Amino acid sequence: MQTTVYPKSGQILGASTAAFTVCFAVWTIFSIIGIRMRQELGLSETQFGLLVGTPILTGSLIRVVLGIWTDRYGGRIVFTANMLAAAVATFLLSYAHTYPQMLLAALGVGIAGGSFAVGVAYVSRWFPPERQGTALGIFGAGNVGAAVTKFLAPFVLVAFGWQVVAQVWAAALVVMAVIFWLTTEDDPIIVERRQSGIKPKSAWLELEPLKNVQIWRFALYYFFVFGAFVALALWLPQYLINVYGLDIKTAGMIAAFFSVPASLFRAYGGHLSDSFGARRVLYWTFLVSVVATFILSYPPTDYVIHGLKGATSFHLEMSLVGFVITIFVLGFFMALGKAAVYKHIPVYYPEHVGSVGGLVGMIGGLGGFLLPILFGLLLDLTGLWTSCFMALFVLVTGALLWMHVAIRQMERGVAGEALAKLPPFPEMQGMPKPVTGARSGDALTDWRPEDKVFWAESGHRIARRNLWLSIPALLLSFAIWQVWSVVVAKLPLVGFTFTTDQLFWLAALPGISGATLRIFYSFMVPIFGGRLWTTLTTWSLLIPAVGIGYAVQNPDTPYVVLLMLALLCGLGGGNFASSMANISFFFPKAEKGNALALNAGLGNLGVSVVQFVVPLAITAGIFGWFGGDPAMVKGPTGEAPLWLQNAGFVFVPFIAISAFAAWFGMNDIASAKASFTEQAVIFQRRHNWIMCWLYTGTFGSFIGYSAGFPLLTKMLFPDVNALQFAFLGPLVGALSRSGTGWLADKYGGARVTFWVFVLMIAGAAGVLWFIGIKDQPGAFLGFFAAFLLLFFATGVGNASTFQMIPVIMAKEMGRLMPTADAETRRRQAEKESAAITGFTSAIAAFGAFFIPKSYGSSIALTGGPSAALWGFLIFYVSCLVITWAVYTRKGGLLHDIERAKRGASVQPAAAE
């Protein structure tokens, strides 16, 4: 295989790209002239879809044959013959008058689409493997021919008719065929074969690689990135005409706006694939496409909500500007994905580029044929124009899940050197060894945090980087989770008329949804990988952030919509479980307590940040006209503007930055993999349930008090501006958690937890005392100080309880796995510790619901919150007793470990 670029490679690439551009313009000609044909013949949507898709069918099916011919006879002669044959068929199209005649002519026009397989095989032979991705990306940019048709064909059609369009496009093919023949030459392999007298392989040997079933899965990806691109290129003009009432010229121009990025940026996708790896490019393609197609799928909808005060209606519909922007983004990432798919074929199959590339191209081309027909059928059946994007959403979601699950299955249970030898794509497993290039990816294939030499040389640096990227993502998650604690208190000011019980429900619902999501999130990292899951969950925060920004601008927004947004804020609450489970894999036992304390403690600062930043952000129009108009509210000095929508909008840019940082900076750990079934063993561990109880006492109190404190203070002390002080409680709790993790590492988590509950009992008693004298001078200061003591104690306890979990499980593995070696027990203890860490955080997070709701229920039933606080105090007493009886007393599980010599607290656990 050559390692240098041939002297005329640039000229060959330019001529081939120009030829493919003309061929693609002819191949998609029906996207414009088909609209006039439908009008003349009165075709149904399904008939129109068949007519538009027929050339795509021909161009797809012949790709395998043309690819084999290119391998056997050379791309120069096959490409030229291909263009001339397509020119004849396109010219004859202008003489078709009936629907069957048009279908027959369309079959011939489709020959132009087969040129892709010819060009891939031809161009790849002129470049070395390390540059083939870029070269094929540039060649594939010939897809811009679809935009050429959409730009020019409408003008020719309006002026002269569709028949002239066909004749002009046929003439362009003939001219291009002549230019191509005169400016190119046979590829080096064909020349060498002729000089040596070697006969080409038989067609059957060319088809040999197609037996590999993984290629067909690989072709599925191309079915979306290329097939869906072709389908949309054909479908968009009539979509724009019928949905937005545009004329054919304007629709053609806008449709080209989709085709241009989906073509030209293919070259950039090839460069990215060469530089950063095609897997990463495909992941981004599928992830963004899932979001884009979901947005585009939503049909224009009128909502009518019947409430106690009558019906409330509102309308949701994507504007033309929003549609064009979203389509542009979708086309851009499709272009990157097309290049990423074809990056691998010449690398893994240098001798079969034609047949393998032809097959993959054929499957992708079939997407361009089948999808327009499907679009027409769905439109006829549902009457929804957006049904085409619904189908694409299902397709790309399936492709993403299939790809990721295949990758995780391939890596599961394989680590170190064995994993390093695997190919960069599971689709390539079982295929010939790549000619060049090393494995691309972000999984840490050799991770030994308990090895002191490994940890000192490289482990601590990688672990710290992942920790410091995890912290801001978690901080934003807590901010979104608790944003209602500030917004709810301000809703009455901007015109919302809800009862006290309704406001407490809004404050409490993020807690219950976040806690419920934590149950599932706690098992996701070993299944999907920490890097991908952190990225996805961080992006998900945009949904409630943007939703809040729009909903609070209109006081007529139905209560049920606010309830839904409150539930969606729980997406932020769920992230804690997966974040803690992920970070626990990176650090040795001696540093887990402090690492988890930093991650959780600084992440918990999101609660304080939201209660400090939001009151400031809502007083200024920081987003200008884009952020919407303010509401005028009464204040001590008169009316003042209030931009309550900024409570959500202010976090949007930071969420995007954090998500990108997580994707490009974090790592997966190859050995940290387990299915849900493997992790579900924790439900049989009694210490899992005990730690759920204790962590509910610490973290459940922290998050519950954070959610309920502003509203409770406002009701008990109406003359005090509670929001000025509300952030201090969560701030104290977060800082005490991040700053006291070392206490548990040094003295033992159970011992620290015992004294934490002593402090919490004292704090709860203090709050009760000052509520009883709330009308006396200084009562608020005492009330606030008692709550600060509670927040401080919860922060210390949050760190100490999490430090207990890995020590407990390391100790238990000696009993549960007596015959296993130390390394096996260590890995099992880490997996179970991670799962228990996540699950306990899920259960404890219900405190964010129960504490505010308990306040509301207590006030409704007794006229004050004291009954709820007495219940909390009794619960803390039970936590104190359990901690002593199970862990700290003489004979308790952790008694001997925590009273060992200084520095040995984690050594027995590590050796177990």
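Residues numbered from 1 in each chain as written. Predicted model: local features only at pLDDT ≥ 70, side-chain atom pairs only at ≥ 80, totals over all residues. Heavy atoms only, no water.

## Comments concerning the overall build of the protein chain
Right, so step 1: The secondary structure content of the protein chain amounts to 43 helices and six strands.
Right, so step 2: Residues classed as buried in the protein chain amount to 60% of the 912 residues present.
Right, so step 3: Pairs at least 24 residues apart make up 85% of the contacts formed inside the protein chain by residues separated by at least 6 positions.
Right, so step 4: Split by element, the accessible area of the protein chain, about 33,900 Å² in all, is 68% carbon and sulfur. (Helix = DSSP H or I, 4+ residues; strand = E, 2+ residues; numbered from the N terminus. Buried < 20%, exposed > 50% of the residue type's maximum accessible area, 1.4 Å probe, protein only. Contact = heavy atoms within 4.5 Å. Areas by Shrake-Rupley, 256 points an atom, 1.4 Å probe, with all protein chains shown as cover.)

## A few points about the environment of lysine 589
Right, so step 1: Considering the arrangement of structural elements, one finds lysine 589 in helix α30 (residues 589–617).
Right, so step 2: Separated by 139 residues in sequence, lysine 589 and glutamate 450 have C-alpha atoms that sit 7.5 Å apart.

## Overview of a nonpolar patch on the surface
Right, so step 1: On the surface, a nonpolar cluster with roughly 840 Å² of combined accessible area is contributed by Val65, Trp69, Tyr73, Ile77, Leu84, Val174, Val178, Trp181 and Leu182.
Right, so step 2: Of all elements in the fold, only α4 (63–73), α5 (75–93) and α10 (162–183) reach the threshold of two or more residues within the nonpolar patch.
Right, so step 3: Per-element accounting of the nonpolar patch gives the leading share, four residues, to α10.
Right, so step 4: On the secondary structure map, leucine 84 appears in helix α5. (Patch = residues over 30% accessible without salt bridge, like charges linked within 9 Å, V, L, I, M, F, W, Y side chains within 5 Å. Salt bridge = Lys/Arg side-chain N within 4 Å of Asp/Glu carboxyl O.)

## Considerations on the packing of helix α22 (residues 452–482) against helix α29 (residues 570–584)
Right, so step 1: Where α22 meets α29, the closest approach of the two axes is 7 Å, and the angle between their N-to-C directions is 160 degrees. Taken together, the axis directions place α22 and α29 in an arrangement best described as roughly antiparallel. Crossing handedness for the pair α22 and α29: left-handed. Within the contact between the two elements, α22 uses Asn466, Leu467, Ser470, Leu474, Ser477, Phe478 and Trp481 and α29 uses Gly570, Gly572, Gly573, Asn575, Phe576, Ser579 and Ile583.
Right, so step 2: For the contact of α22 with α29, the per-class residue count stands at six nonpolar, eight polar and no charged. (Axes fitted to C-alpha atoms, helices over the stretch in contact; angles between N-to-C directions. Parallel < 35°, antiparallel > 145°, perpendicular 65-115°, else oblique. Left-handed = near helix turned anticlockwise from the far one by under 90°. Nonpolar A, V, L, I, M, F, W, Y, C, P; charged D, E, K, R; others polar.)

## Digging into the packing of aromatic side chains
Right, so step 1: The tally for this structure, following the rule as stated, stands at 43 aromatic pairs.
Right, so step 2: Ring geometry for tryptophan 284 against phenylalanine 660: centres 5.4 Å apart, planes inclined by 20 degrees, an arrangement best described as stacked. One end of the pair, tryptophan 284, is in helix α16 (residues 278–297); the other, phenylalanine 660, is in helix α32 (residues 652–665), and 376 residues separate them in sequence.
Right, so step 3: Of the residues examined, tryptophan 284 reaches a relative accessible area of 10% and is grouped as buried.
Right, so step 4: Here phenylalanine 660 falls in the partly exposed class, since its relative accessible area comes to 39%. (Phe/Tyr/Trp six-rings, centres within 6.5 Å; stacked < 30°, edge-to-face > 60°.)

## Overview of the packing of helix α26 (residues 530–539) against α32
Right, so step 1: With their axes 8 Å apart at the nearest point, α26 and α32 run at an angle of 170 degrees to one another. Taken together, the axes of α26 and α32 lie roughly antiparallel to each other. Facing α26, whose interface residues are Arg531, Leu532, Thr534, Thr535, Thr538 and Trp539, α32 presents Ile655, Ala656, Ser658, Ala659, Phe660, Ala662 and Trp663.
Right, so step 2: In terms of residue class, the contact of α26 with α32 is made up of eight nonpolar, four polar and one charged.

## Focus: the environment of proline 372
Right, so step 1: Looking at the element boundaries, proline 372 is found in helix α19 (residues 353–382).
Right, so step 2: Residue classification places proline 372 among the buried positions, given a relative accessible area of 1%.
Right, so step 3: Here the alpha-carbon distance between proline 372 and leucine 51, two residues 321 residues apart in the chain, equals 9.4 Å.

## Overview of the nonpolar core
Right, so step 1: Among the nonpolar cores identified, the biggest contains 126 residues, and Phe30 and Phe286 are the most heavily contacted of them.
Right, so step 2: Those residues in contact with phenylalanine 30 that sit more than four places away from it in its chain are Ile35, Met37, Leu51, Val52, Pro55, Leu93, Met102, Ala106 and Val109.
Right, so step 3: By size, the runner-up hydrophobic cluster in this structure holds 96 residues, among which are Ile462, Ile690, Ile771 and Ala793. (Core = buried A, V, L, I, M, F, W, Y, C linked by side-chain atoms within 4.5 Å.)

## As for the side chain of asparagine 688
Right, so step 1: Among the secondary structure elements, asparagine 688 is positioned in helix α34 (residues 686–716).
Right, so step 2: The class for asparagine 688 is buried, based on a relative accessible area of 0%.
Right, so step 3: When near neighbours in sequence (up to four residues on either side) are disregarded, asparagine 688 contacts Ile682, Phe683, Ile836, Phe839 and Thr840.

## Focus on the pattern of salt bridges
Right, so step 1: Scanning all chains against the criterion turns up three salt bridges.
Right, so step 2: Glutamate 832 is the partner of arginine 685 in a salt bridge, and the nearest nitrogen-oxygen pair spans 2.8 Å. Placement of arginine 685 in the loop between α33 (676–679) and α34 and of glutamate 832 in helix α39 (residues 822–844) is noted, with a sequence separation of 147 residues between them.

## Notes on the side chain of serine 800
Right, so step 1: Looking at the element boundaries, serine 800 is found in helix α38 (residues 779–816).
Right, so step 2: Overall, serine 800 belongs to the buried group, its relative accessible area being 1%.
Right, so step 3: Once residues within four sequence positions are removed from consideration, serine 800 is found in contact with Ala744, Gly749, Val752 and Thr753.

## Comments concerning the environment of arginine 63
Right, so step 1: On the secondary structure map, arginine 63 appears in helix α4.
Right, so step 2: Take arginine 63: its relative accessible area is 0%, and that puts it in the buried class.
Right, so step 3: Through-space distance from the C-alpha of arginine 63 to that of glycine 113 is 8.1 Å; in sequence the pair is 50 residues apart.

## Some thoughts on α38
Right, so step 1: Helix length check: α38 (38 residues) gives 53 Å between terminal C-alpha atoms against 56 Å at 1.5 Å per residue, within 8%.
Right, so step 2: Within α38, 29 of the 38 residues are buried, leaving the element largely enclosed by the surrounding structure. (Expected span 1.5 Å × (residues − 1).)

## Describing the confidence of the model for the protein chain
Right, so step 1: On average, residues of the protein chain score 76 in pLDDT, and 80% of them reach the 70 mark or higher.
Right, so step 2: Helix α43 (residues 907–911) is the least confidently modelled element of the protein chain, averaging 31 in pLDDT, while helix α41 (residues 866–888) averages 91, the highest of any element.
Right, so step 3: Counted against residues more than four places away or in other chains, residues 413–420, with its pLDDT under 50, gives eleven contacts. (pLDDT = per-residue confidence, 0-100.)

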